[in-house]
Structure formats: structure tokens, C-alpha cells
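So the chains spell out like this:
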Amino acid sequence: MKEFGTLYPHFLHGADYNPDQWLSYPEVLEQDPRMMAQAHCNCMSVGIFSWAVLEPEEGVYRFEELDRTIKRLSARGIKTILATPSGARPRWLAERYPEVLRVNKAGLRQHYSDRHNHCFTSPIYREKTVAIDRQLALRYGKDPNVILWHISNEYSGECHCQLCQEAFRQWLKKKYDNDLDKLNHAWWSAFWSHTVTDWAQIHPPMQTGEPDHIMTGLYLDWRSFVTHQTVDFMKMEIDTIREVCPNVPVTTNMMWTPQQIDYHDFKDYIDVVSWDAYPSWHEKDQIRCAVDAAFNHNYFRCLKHKPFLLMESTPSNTNWHAVNKLKRPGMHRLASLQAVAHGSDSVQYFQWRKGRGGSEKFHGAVIDHNGKASGRVFEDVRQMGISLEKLDQVCGTSTHAKVAIVYDLKNHWALSNASGFINEDKQYVKTCLQHYKSFWKRGVDVDVISVGEPLEGYDLVIMPMLYSLPQEQIERIEQYVAQGGTVVATYTTGYVNETDLCYLGGFPGQKLKDVFGLTADEIDSLYPEEQNTVLWGEESYTVVDYCELVTPTTAQVLGTYGADFYKGMPALLKNNYKTGEAYYIACRDTGALTDRLYAQLLQERKIKTYALPEGATITSRAQYLFVQNYNDHPITVPLPATYRDLETGALYKGAIALEALGVAVLCPEA
Ligand code: GLA
Ligand code: ZN
């Protein structure tokens, strides 16, 4: 593994740069690097969709344009992040070898179209990708201007061709030790006479075949296989690059979670995590949006528990949200520094210059169709470049969170396809965000981790709706609490194992009954217009959607239901288990109950919190505080000591005033 930052130990500031679209506009190609320098950009991502230019005919490589681009950039002191072009294939490749095109869920082979439309199993696609990647590595691997490899682009999607189906069967054979009995048991295939008697009978879930939610064991294995196949393809690309060029780090750009692939399985192969963030700023609930973006940044930081890169963001609007709002004055700075606050060592954009044509011509970019290095968006970008230069000492620093939220993609897939409870939407992500908000609004840093990661070292571990729990995770939770940790779990915890088989002997599965000191016997689902309450001490809290009926064994009852036939039954419980504590919230509350619980737990554990106005937060990176205001009005934020503003040098004693959408980066004054 190469440490990112050894080749360029400063914040990266730049964009995706697509000069291929401008080859017949030499004046534009000349102007770009000068304007980039004016915008205080120091880095461009190049070559992401360049395959047709780099290999116009099979086996004929033309690197002159790319040579010129890298040279022109470096003449202005701008570094290159060089992409492998496998995110979109040239026409000749699809025409000559139709197997490289995907077969969709309906079983139809796609025509040449779009991007990200290629089979990850196809030996031809693999061979052609390796060939061009190798050529790129040979040509640019030693170029000091190339500081990072950008492997492909936003790996995603799935293919149902015969090659992929056969690879799926081979993957299953390995997973189930070549034993169909094991597979049949894991998939509970006796249900509706689905017993598999030959590996060849297995097909992925398809539109004309098994729906996702009928044989969920099959569905979950298919999701894991698709992740596996994607990672395997990425690994092949990385190995090709590293073989020639072992000293330059690699990344791949990921997308907003949740996706249909699990990024946790990517993390061990890349040197640095990067992701593309496009929050829907200025939606009706701006704070929800800020919390969601913060949660995502934390998720990507925690893939490697290291600083990450913001590989794409828009300097103004997107073109693919339902409504594409411009960033209001202040939002560009706020959103960019939010990423930095949560651990990003870059602020990169999509894209440098708006194309004249194609579907992304109205997507925000640093340079608009007017071609000018001026105007509101350009100025926002330029100012961000200046800010990042002033914040240099923050680059590379780490976050130390005492609280973790377990948010797991495989759990999300299992829960969202479970037939039962409320079928329309189980609201797993929304629930995680609601729990996270209690920490966000108190300025408490949180790690967002997956099932399988160590829990030791955290003072508090929150596990909302952790429905699907492999045996090993149950052991991990038990150990953590036994050794003095505190966990908070909710309704639907530990109902099933990793192939969606219910735990027998009562929920939550196995040892968790002892850890939480209860059994969850039944779960009631509420219509949207229905509510219940929980009485906790003198207070009453609103409950929606889910009320689980639990029987305590050793747990102490803190709160009880206020209505219905389960009135008076436990709804909030605490269990002392060995040297730790385990809390169980049996219902979905609208936020106030969990918030009170978390305020109490933070205080008892002496975890530092800030008293913040609504809509404000503080995020820490090493000793630096990022004070952020997501309100459209000014606020004053109380501070526990005296701080110096890293950009302006101003001193703040006891409080800082922030304008609407304001943000300041502070350092404690000795
Ligand atoms: C993604 C892609 C880019 C571009 C942007 C637009 O992140 O990686 O190529 O399409 O979206 O928002
Ligand atoms: Zn395929």
C-alpha cells in the first residue's frame, strides 16, 4: 500500500478535465491551464472517458494528445490524476466483441450505449482493459506529474449474461464447499419446492425469473457476487498498474451510499478512498441534507479510517437531480469545507469546463459556456483554492471518534427485501441518519462502520435496525459489551443470519438475548396515520411505524408503551451485561426519545459535546474545529475556549459569529 500524500502533501483542488471533447478548439486547450492556475487549482483528473481517443482502433494507441495535456498542465504547476478508461468503451470494441456489452435484468443484451455498460466477467473486456491500462502505466508510470491513478469510474451495475451466470455458479460452489445441501439450507429452498438439484439450475434474480424478495438467500448471494466480480475486475486493473508502476497510489471513485455494491469489499485494494458527493443542497430540509452528507463523508473516511479524497462535487448545480438548484452564496465554501472537516484531503469538481453537447452540458462546471475565468461560480472556486492553501496544516490529519454507528450495506439489502413489517420502505438509512443527527447537532464525531469491523476503542456503539447479523458479529458485540462497552440497539435487531435465515430460540439471535436481557417476541407495524407513545419518567414521546413487544429477563425497563393492547409493556430497556451496558429501543420514535437517551449516554461517558444553535455543528480533525452554519440566517456559536481562525488569524474568545451558511476553521490558542 502506498500512502497518499507522499507524492503531494497538500490539499488537492481541481476537477475532472475532458480535453478530448475540445480537440478541434485549440484556443480552449491553450486557455484552460492558465485559467486553472487563476482558479488556484493544482490538480486535474484526466482520461476518465478517453478510450476512443487513446485507442481509436484495436491495438493502435495514440497518446500524443494525453502527452500534450499532461505537459500543458504541468507547465502551470498542475498535477495529474490519471484515469484508466474502462468506465466507457469505444464503439469498435462493442461492435467487434458484443460479449463486452451487458445483458440486463430482462435478459436482453444491451446495444452499444451510455457508459458503465460492460460485463465485468467478459474475458475480452478484461483483456482489452488490461492492454490499455498497461500501455498507460508504461507511458506515464514514471511521470512525476502523475500523482494518483484513478481506476475506472464509479464502478456499478450488473450483468446477467451467460458468462456472469456461470461465474456466479462457480462462486456459489466455492462458498458452499461444492455442497448443494448447504446451499439449499442457506436459501431455505424447500419453501415453494425451490430445491436446487444441479448447480446448472441456478440463475440470478431476474425480471423474468426469481424476484429479489422471494428467495432472499439467492438475492443476497447475488449481491455479494456482483460486488465480488466488480472488485475482482478492479483488482485486475490495479494489479496491471502496480506491476509497472508500484510507487504511485491508486484510488477508485465511489458514490453516495447505499449502492448495490458493498464498498467495504473494495477498501483493502486501494491506497486511498475517494468519492463523488452531490448533496441536494437547498432542498426543503437543509439540515437533513447536511446530516446526510456528513454521514456519507464519515462512511467513506471509515472505509480505511484515514483521510479520503472528495473526487467530484459540483461548483454550482447538477443536471440530474429532480430539481437542479444553484448553490446559494456561501454554500460552495460550506459544502467543500464540510468534506474537509470530515477528513477529505481534496476538493475536486465535476467538471472543469461545460461541454457544448452531450447530456452533461448543463451540469455545473468551473468554466461555463461563456468561457470566462470570472463570475460567481469561478470566484467561489478561486476562493476555495485560496482557502485550501491557508488550511495546509490540516491536510493529512485524522479524526478520533469515540462513538460508532454500525451501518451495513448487506443488512440494508436484507432488510429492504424482507417481506414483512412495513413493505413500502423499511427506512433503514433514514433511521441511521436520525440516530446520527443527535451526535451531529452536539458536535460529536462519529465513525460510520460496517459489520465485521472492530468495536474496541469506542465508548459507545449504535446499531439501528441491525436485522441481519452473522454469528461472528454477535460474538463481537457480546465481547465488546462484556469488556465494558455500551451498545444501543433497536427493534428488528438480530432477526436473521447472513443468508436471511431467522435465528431460532427467540430474537435477538443467540447470545444477544443475554446481552440485552430480553426477548423480542412480536413486532407491530403501524399505518402512517397511526401513532403510539412511550412514557419515560415524566415525559411522553411519539412513536411511529414499529412497536416491538419484548419480555425482559434481566433488563431494567426505562420506558413503557402508552397505548394499544401493549400499553404498559416495555419500550425502552437497559441491561447491565458483565462490565458493559446494553440499551434496547423497541420502537421507532420521532427523534426526541433517542435524542434524550444519547444526550444522557454522552454525558455519563464524558464525551465532549458543544452547545450549538439549531442547524449548526462542529466537526473536529486533530486539534482543528470546523464550525458550520447550515441556516439561511446568521448565528452565534458558543466556544469553550479561545480559538484562532486559520484563514483570517482572528481570535475568538468564548463565541464566534457566523453568517448565513458560514463556516470557520479554528485552532485552539495556546
Ligand atoms: C458522476 C460521474 C461524472 C459525472 C458526474 C455528474 O459522479 O463520475 O462523470 O457524470 O457524476 O454529476
Ligand atoms: Zn456478463
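None of the values given here were measured: they were computed from a predicted structure.

Thresholds, definitions, all that
- Residues numbered from 1 in each chain as written.
- Chains lettered and ligands numbered in written order.
- Predicted model: local features only at pLDDT ≥ 70, side-chain atom pairs only at ≥ 80, totals over all residues.
- Heavy atoms only, no water.
- Helix = DSSP H or I, 4+ residues; strand = E, 2+ residues; numbered from the N terminus.
- Rg over C-alpha atoms; globule rule 2.2 N^0.38 Å.
- Contact = heavy atoms within 4.5 Å.
- Near = heavy atom within 4 Å.
- Polar contact = N/O pair within 3.5 Å; in protein donor to acceptor, adjacent residues only side chain to side chain.
- Areas by Shrake-Rupley, 256 points an atom, 1.4 Å probe, with all protein chains shown as cover.
- Nonpolar A, V, L, I, M, F, W, Y, C, P; charged D, E, K, R; others polar.
- Donors = N, O, S within 2.8 Å, 3.2 Å for Na, K, Ca; no water.
- Tetrahedral: all angles 85-135°; square planar, octahedral: opposite > 155°, others 65-115°.
- Buried < 20%, exposed > 50% of the residue type's maximum accessible area, 1.4 Å probe, protein only.
- Pairing = 2+ DSSP bridges.
- Axes fitted to C-alpha atoms, helices over the stretch in contact; angles between N-to-C directions.
- Phe/Tyr/Trp six-rings, centres within 6.5 Å; stacked < 30°, edge-to-face > 60°.
- Lys NZ or Arg CZ within 6 Å of the ring centre and 35° of its normal.
- Core = buried A, V, L, I, M, F, W, Y, C linked by side-chain atoms within 4.5 Å.

All right, on to the overall build of the chain then. A tally of helices and strands in the chain yields 16 helices and 25 strands. Whereas a compact globule of 670 residues would reach a radius of gyration of roughly 26 Å, the chain reaches 26 Å, a difference of no more than 12%. Its C-alpha atoms give the chain principal-axis dimensions of about 75 × 75 × 45 Å. Put simply, 72% of the contacts in the chain that link residues at least 6 apart link residues at least 24 apart.

Take the site of ligand 1 next. In the vicinity of ligand 1, the residues found are Phe49, Arg115, Asn153, Glu154, Asn253, Asp276, Tyr278, Glu312, Trp320, Phe350, Glu360 and His363. Glu360 places a side-chain nitrogen or oxygen 2.3 Å from an oxygen atom of ligand 1. Protein burial of ligand 1: of its 310 Å² of free accessible surface, 96% is covered by the chains. Per-class residue counts for the shell around ligand 1 are 4 nonpolar, 3 polar and 5 charged.

What follows deals with the coordination of the zinc ion (ligand 2). Six octahedrally arranged donors around a metal ideally form angles of 90 or 180 degrees; four tetrahedrally arranged donors ideally form angles of 109.5 degrees. Those donors, Cys119 (SG), Cys159 (SG), Cys161 (SG) and Cys164 (SG), are the protein atoms that reach the zinc ion (ligand 2), and they lie 2.3 Å from it. Seen from the zinc ion (ligand 2), its 4 donor atoms lie at angles of 97 to 119 degrees, and the figure they make is tetrahedral. Summarised as a motif, the one-chain spacing of the donors to the zinc ion (ligand 2) is C-x39-C-x1-C-x2-C. Of the two residues, Cys119 is situated in the loop between helix H4 (91-96) and helix H5 (123-140) and Cys161 in the loop between strand S4 (146-150) and helix H6 (162-175); the sequence distance between them amounts to 42 residues. Accessibility assignment for this pair places Cys119 and Cys161 in one class, buried.

With respect to the helices and strands, the residue Asn417 is situated in helix H12 (residues 409-417). Here the side chain of Asn417 touches Tyr219 through a polar contact of 3.4 Å, side chain to side chain. Once you skip the residues sitting within four places of it in the chain, Asn417 turns out to touch Asp212, His213, Thr216 and Tyr219.

As a further point, take the pairing of strand S16 (residues 539-552). Here 7 bridges tie strand S14 (residues 518-525) to S16, and the two strands are oriented antiparallel to one another. By the bridge assignment, Ala520 is partnered in S16 with Val550. Sheet topology places strand S15 (residues 532-536) next to S16; 5 bridges connect them, and they run antiparallel. Within S16, the position partnered with Leu535 by the bridge is Ser540. Linkage of S15 to S16, two consecutive antiparallel strands, is achieved through a turn of 2 residues, within which Gly537 is found at a positive phi near 60 degrees.

Pairing is parallel across the open sheet formed by 3 strands, whose spatial order is S6-S7-S8. Strands at the two margins of the open sheet, each flanked by one partner only, are strand S6 (253-255) and strand S8 (309-312). Along the sheet, successive strands turn relative to each other by an average axial angle of 45 degrees, direction set aside. Bridge count for strand S7 (residues 274-276) against S8 is 3 bridges, and the pairing is parallel. Considered in S8, the bridge of Ser274 is made with Leu309.

Quick look at the packing of aromatic side chains now. A full pass over the atoms with the stated rule returns 38 aromatic pairs. Judged by centre distance (5.8 Å) and plane angle (65 degrees), the ring pair of Phe120 and Tyr155 falls under edge-to-face. In this pair, Phe120 sits in the loop between H4 and H5 while Tyr155 sits in the loop between S4 and H6, placing the two residues 35 residues apart along the sequence. In this structure Tyr155 comes out as buried when scored by relative accessible area, which is 3%. Measuring from centroid to centroid gives 5.1 Å for Tyr561 and Tyr566, while their planes differ by 70 degrees, and the two rings are edge-to-face. Neither residue differs from the other here; Tyr561 and Tyr566 are each classed as buried. Over the ring of Trp413 we find Arg223, and its NZ or CZ is 5.7 Å from the ring centre.

Turning our eyes to something else, we now look at the pairing of strand S13 (residues 486-490). A large share of S13 lies buried, amounting to 5 of its 5 residues. Burial along S13 is two-sided: the residues Thr486, Val488 and Thr490 and Val487 and Ala489 are all buried. In this sheet, S13 lies alongside strand S12 (residues 460-463) in parallel orientation, the contact comprising 3 bridges. Bridge assignment links Met463 to a residue of S13, and that residue is Ala489.

Soluble globular proteins: nonpolar side chains tend toward being buried together. Within the largest apolar cluster, 194 residues are counted, with the highest numbers of intra-cluster contacts made by Met44, Trp149, Trp187, Trp352 and Phe516. Looking at which element gives the most residues to this core, the answer is helix H8 (residues 216-244), with 12 residues. Met44 has contacts with Gly14, Ala15, Tyr17, Met36, Leu73, Ile78, Lys79, Thr80, Ile81 and Trp352, leaving out every residue within four places of it along the chain. Residues Ile618, Val627, Leu658 and Leu666 belong to the second largest nonpolar core, which totals 14 residues.

Our next topic: the environment of Thr609. As for its placement among the helices and strands, Thr609 is situated in the loop between helix H16 (592-604) and strand S21 (616-621). Along the primary structure Thr609 and Ala599 are separated by 10 residues, whereas in three dimensions their C-alpha atoms are 9.0 Å apart. The contacts of Thr609, once residues within four sequence positions are left out, are Arg442, Val444 and Leu602.

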